[in-house]
2 protein chains.
Amino acid sequence: MKAYSQMSKEELLALKSDLEKAYDDFKARGLKLDMSRGKPSSEQMDLSMGMMDVFHSRADLTAADGLDCRNYGNLDGLPEAKELMASMMECRAEDIIVYGNSSLNVMYDTVARSMTHGVMGNTPWCKLDKVKFLCPVPGYDRHFAITEYFGIEMINVPMTPEGPDMDIVEKLVSEDEAIKGIWCVPKYSNPQGISYSDETIRRFARLKPAAKDFRLYWDNAYCIHHLYPDKQDTILEILDECRKAGNPDLAYKFVSTSKVSFPGSGVAALGASQANLEDIKKQLSIQTIGHDKLNQLRHVRFFKNIDGMREHMMKHAAIIRPKFELVLDKLDKELGGLGIGEWLRPIGGYFISFDSLEGCAKAIVAKAKEAGVIMTGAGATFPYGKDPKDSNIRIAPTYPSMDELGLAADLFILCVKLVSIDKLLENM
Amino acid sequence: MKAYSQMSKEELLALKSDLEKAYDDFKARGLKLDMSRGKPSSEQMDLSMGMMDVFHSRADLTAADGLDCRNYGNLDGLPEAKELMASMMECRAEDIIVYGNSSLNVMYDTVARSMTHGVMGNTPWCKLDKVKFLCPVPGYDRHFAITEYFGIEMINVPMTPEGPDMDIVEKLVSEDEAIKGIWCVPKYSNPQGISYSDETIRRFARLKPAAKDFRLYWDNAYCIHHLYPDKQDTILEILDECRKAGNPDLAYKFVSTSKVSFPGSGVAALGASQANLEDIKKQLSIQTIGHDKLNQLRHVRFFKNIDGMREHMMKHAAIIRPKFELVLDKLDKELGGLGIGEWLRPIGGYFISFDSLEGCAKAIVAKAKEAGVIMTGAGATFPYGKDPKDSNIRIAPTYPSMDELGLAADLFILCVKLVSIDKLLENM
């Protein structure tokens, strides 16, 4: 393939004319496809329907510790739910709290509590002039929405193939006491699918923050969300690394079963040091009498243990792997060598991250929308929705059917080509 | 019966000696009974076990609006869940948000949001020097715990048989801009079982608060929690009364099915004006992707509608009514006319409120504990756990079996008598 940058104006114009015809054909089909969110497909939901059979009206709903799960009682998770979630999190059952249905809500509450009550005895953030968070970019829009909502200043930190640029992280965190946290998706990151290297994680664990209440907001959203049975990333366990580095209180670790069982009806959990957990439970005991124990028990009885969960995740993988490969193969085939876009080939997670030529992302997403395909808004992967290069686009391939996805990918590729040609022509 | 205050020192001492023998007999039995919380009994839990059968692995889990409840989507409640919860709340489906498993959590979040973001554009409370709440007393300890946790100053307002003393409420609220809310349990109040009169509710709706962000925190926890099929309180609907009074934004209304279906695995909801709901949804959309829709659907399919819910509540009543009557009859029989305690005869809710002679409540609760019966801590029904008269004790009769409850009530009565005698002797 000839790189677009090597083409003459005439070649580009001729190509554009062909591509525009193809685009008009797409428009005429009146597509309505949504690739905007990392949403499992209906077929994936079916995998967990057995969970609806584990309880019945004569079932014994008593927990391992003898508690009647139908009644009040238990603030931080059933013993067996702690075991299951902790093994998913690769940490100890005593280091976690099991929550309700949403890890996002746990993260929100963690920031909200820090605002009003501070972290482990430190000044509540609402009493400070300035609070800042580091945001590896591209990243997860809902993380950035939380910190923006609380008026926290967000500072971009570029991602590398090894994780966030640790030279920058170390420098900023050690110098600026106003920096109180960093949003991390350490495994199969959203959107790039990058897993942090051992060196990156060790450098995180060894950070010497100026702020005593600085914490790693370690959203291990895709901890068991592999695409392949035989190609799987493993990463170092952050709580353990922090302990070893003499920084036991540095990390809050978040997970949920949203993309394991049912989004919105799963179970979330937080892992942290005992000192952090004690601090958090002070609030938790005021906020609620307890979370949904029946749903915790339902999950335990369905998955049984981490082996059951891993087996289940391979069923998810079998459904979504072909979708990732379909899109990635099309990108390779249609855009490879053209010099108008870059992407990684993830082996887990929920997204494909695409980087267009600078200044093209918004136009590509708009053009796809015009022909009926909704992508995640360009800029969404950056704080304040502002991608400085207007380049990153998050592709979410899991929800559409293979047929729809093929069409959507074809259209996306067409839009990338058309917008890139316009951009190149503009600069000629 | 002769009032204790009419007895001579000798009579009291003789009585005391008899009562002490009976008390020692109780102690020797090694009772272990918990009457501390308003907890349904295991038999009551059984009533809802049919809910475990409404879903199965081939069930259609699509909501009325076509949404697959197993997946992401829907922030403020399924249409059919809104219908059900709104009819329980006696308000319009469009005036509510359906939440997760805990109305306490919704109340906590409401206060937390007001601290960090303010109410409908007003100054966030964390930026104010002073924030105050009115607390009708006796009241619910978990309400007071929320406001205490946020450093909000709590001001006691006495309850009358008609509800909070509205002369005091009107005066304070109209004079002091720092007063931002009042905790209300308007029907079968916790702990007295008092339902607010029409006049009280109209006076609430017509309040002219100095603070624009003053709200009624209207916890309608026992809205359908009657004890009798034929004797039931009805109260005016607060959102409607506020609208009629030209104060549409004055109230937040909270309910849950915790004591209808399963505590901890029920569904909570908040009712308010459209302007309030919009304000709240700004936060909600940051805080979560959505609540547990499968549990909402499970509740709708089980109860079907408000008639199903009311019928279900009469099954609860059939179980707990004899328990209330057992305790109340014993109080009447054993303490009536003695002048050492007062109590009301509730027809709904979860509690019996007992007022001992001044300065006796702590000692009574301690004495009961010594003999193996845990009551709610004396003082718990007041802000900061401080009952100025040390007089109010909350009795929670629902959880123990009839046999246990009979024993516990006998012991409680013994403790009341013994402590009262000591108090009277002290003053002789």
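So, here is what we can say about the structure in this document. (Residues numbered from 1 in each chain as written. Chains lettered and ligands numbered in written order. Predicted model: local features only at pLDDT ≥ 70, side-chain atom pairs only at ≥ 80, totals over all residues. Heavy atoms only, no water.)

## Things to note about the overall build of chain A
The condition is simple: Secondary structure counts use DSSP, requiring at least four H or I residues in a row for a helix and at least two E residues in a row for a strand, with both numbered from the N terminus. As defined in this context, the radius of gyration uses C-alpha atoms, and a globule is described by 2.2 Å times the residue total to the power 0.38. Per-residue accessibility, obtained with a 1.4 Å probe over protein chains only, is compared with the maximum for each type, and a residue is labelled buried under 20%, exposed over 50%, and partly exposed between these values.
Scanning chain A from terminus to terminus reveals 13 helices and 13 strands. The C-alpha atoms of chain A give a radius of gyration of 23 Å, which matches the 22 Å a tight globule of 428 residues would have. Seen through its principal axes, chain A has C-alpha atoms that stretch 75 × 55 × 35 Å. Among the 428 residues that make up chain A, the fraction classed as buried is 61%.

## What to know about the sheet that holds strand β3 (residues 132-137) of chain B
All names here are of chain B. Inclusion rule: In this analysis, strands are considered paired if DSSP registers two or more bridges between them.
Across the sheet, which stays open at both edges, the eight strands sit in the order β2-β9-β8-β7-β6-β3-β4-β5 with mixed pairing between neighbours. Strands at the two margins of the open sheet, each flanked by one partner only, are β2 (96-98) and β5 (163-164). Pairing between strand β8 (residues 251-256) and strand β9 (residues 268-271): four bridges, direction antiparallel. Among the inter-strand pairings, Lys253 is bridged to a residue of β9, identified as Gly271.

## Quick look at the packing of aromatic side chains
Residues and elements named next belong to chain A. Inclusion rule: Centres within 6.5 Å make a pair out of two Phe, Tyr or Trp rings, where for Trp the six-membered ring is used; the pair is then stacked when the planes are under 30 degrees apart, edge-to-face when over 60, and tilted otherwise.
Inspection of every chain in the model, using the stated rule, returns 34 aromatic pairs over all chains. Taking 5.3 Å as the distance between ring centres and 75° as the angle between the ring planes, the aromatic pair formed by Tyr217 and Tyr252 counts as edge-to-face. Highlighted residues: Tyr217 in strand β7 (residues 215-219) and Tyr252 in strand β8 (residues 251-256), separated in sequence by 35 residues. Each member of the pair, Tyr217 together with Tyr252, is buried. Pairing Tyr222 with Tyr350 gives two aromatic rings, centres 6.1 Å apart and planes at 25°, and the pair type is stacked. Note that Tyr222 is positioned in the loop between β7 and α8 (238-244) and Tyr350 in the loop between β10 (341-343) and β11 (352-356), a separation of 128 residues in sequence. For Tyr222, a relative accessible area of 4% puts it in the buried group. Given a relative accessible area of 2%, Tyr350 falls into the buried group. Members of the aromatic cluster, each reached through a chain of ring pairs, are Trp125, Phe133, Trp183, Tyr217, Tyr252 and Phe254.

## Focus on the packing of helix α6 (residues 166-175) of chain B against helix α7 (residues 198-205) of chain B
All names here are of chain B. Put simply, the rule reads: For every element, the axis is a line fit to its C-alpha atoms; helices are fit only across the contacting stretch, and the angle between N-to-C directions ranges from 0 to 180 degrees. Roughly parallel means an angle under 35 degrees; roughly antiparallel means over 145; roughly perpendicular covers 65 to 115; every other angle is labelled oblique. Contacts between residues were defined by any pair of non-hydrogen atoms, one from each residue, lying within 4.5 Å. Here the nonpolar group is Ala, Val, Leu, Ile, Met, Phe, Trp, Tyr, Cys and Pro; Asp, Glu, Lys and Arg are the charged ones; every other residue, Gly included, is treated as polar.
At a minimum axis separation of 11 Å, α6 and α7 run at an interaxial angle of 0°. Looking at the two axes, α6 sits roughly parallel to α7. Contacts between α6 and α7 pair Met166, Asp167, Val169 and Glu170 from the former with Thr200, Arg203 and Phe204 from the latter. Among the residues making up the contact of α6 with α7, the classes are represented as three nonpolar, one polar and three charged.

## Comments concerning the sheet that holds strand β10 (residues 341-343) of chain B
Residues and elements named next belong to chain B. Spatial strand order, β10-β11-β13: three strands in an open sheet with antiparallel pairing. At either end of the open sheet lies a strand with only one pairing partner, and these are β10 and β13 (392-395). In this sheet, adjacent strand axes meet at a mean angle of 25° when their direction is disregarded. Relative to β13, strand β11 (residues 352-356) runs antiparallel, the two being bridged by four bridges. Residue pairing in the sheet places Ile352 in a bridge with Ile395 of β13.

## Looking at unusual backbone geometry
Residues and elements named next belong to chain A. Residue Pro138 is bonded to the preceding Val137 through a cis peptide linkage, with omega at 0°. Among the secondary structure elements, Pro138 is positioned in the loop between β3 (132-137) and α5 (141-149). Here Asn190 and Pro191 are connected by a cis peptide whose omega angle stands at 5°. When you line up the elements, Pro191 lands in the loop between β6 (179-184) and α7 (198-205). For Tyr384, which is not a glycine, the phi torsion comes out positive at approximately 60°. According to the relative accessible area criterion, Tyr384 is partly exposed, its value standing at 38%.

## Re the pattern of salt bridges
Any two side chains of opposite charge can pair, so long as their charged atoms come close to each other. To keep it simple, the criterion reads: Throughout this description, the term salt bridge denotes a Lys or Arg side-chain nitrogen within 4 Å of a carboxyl oxygen of Asp or Glu.
If you walk through the whole model with that rule in mind, you get 58 salt bridges over all chains. Residues Arg202 of chain B and Glu241 of chain B are paired through a salt bridge, measuring 3.9 Å at the closest nitrogen-oxygen approach. Of this pair, Arg202 of chain B sits in helix α7 while Glu241 of chain B sits in helix α8 (residues 238-244); the two residues are 39 residues apart in sequence, bridging distant segments of the chain. Judged by relative accessible area, Arg202 of chain B falls into the partly exposed class, the value being 31%. Glu241 of chain B sits in the buried class, given a relative accessible area of 8%. Shared partners join several salt bridges into a network, and the residues in it are Arg92, Glu94, Asp95, Arg202, Asp240, Glu241, Arg243 and Lys244 of chain A.

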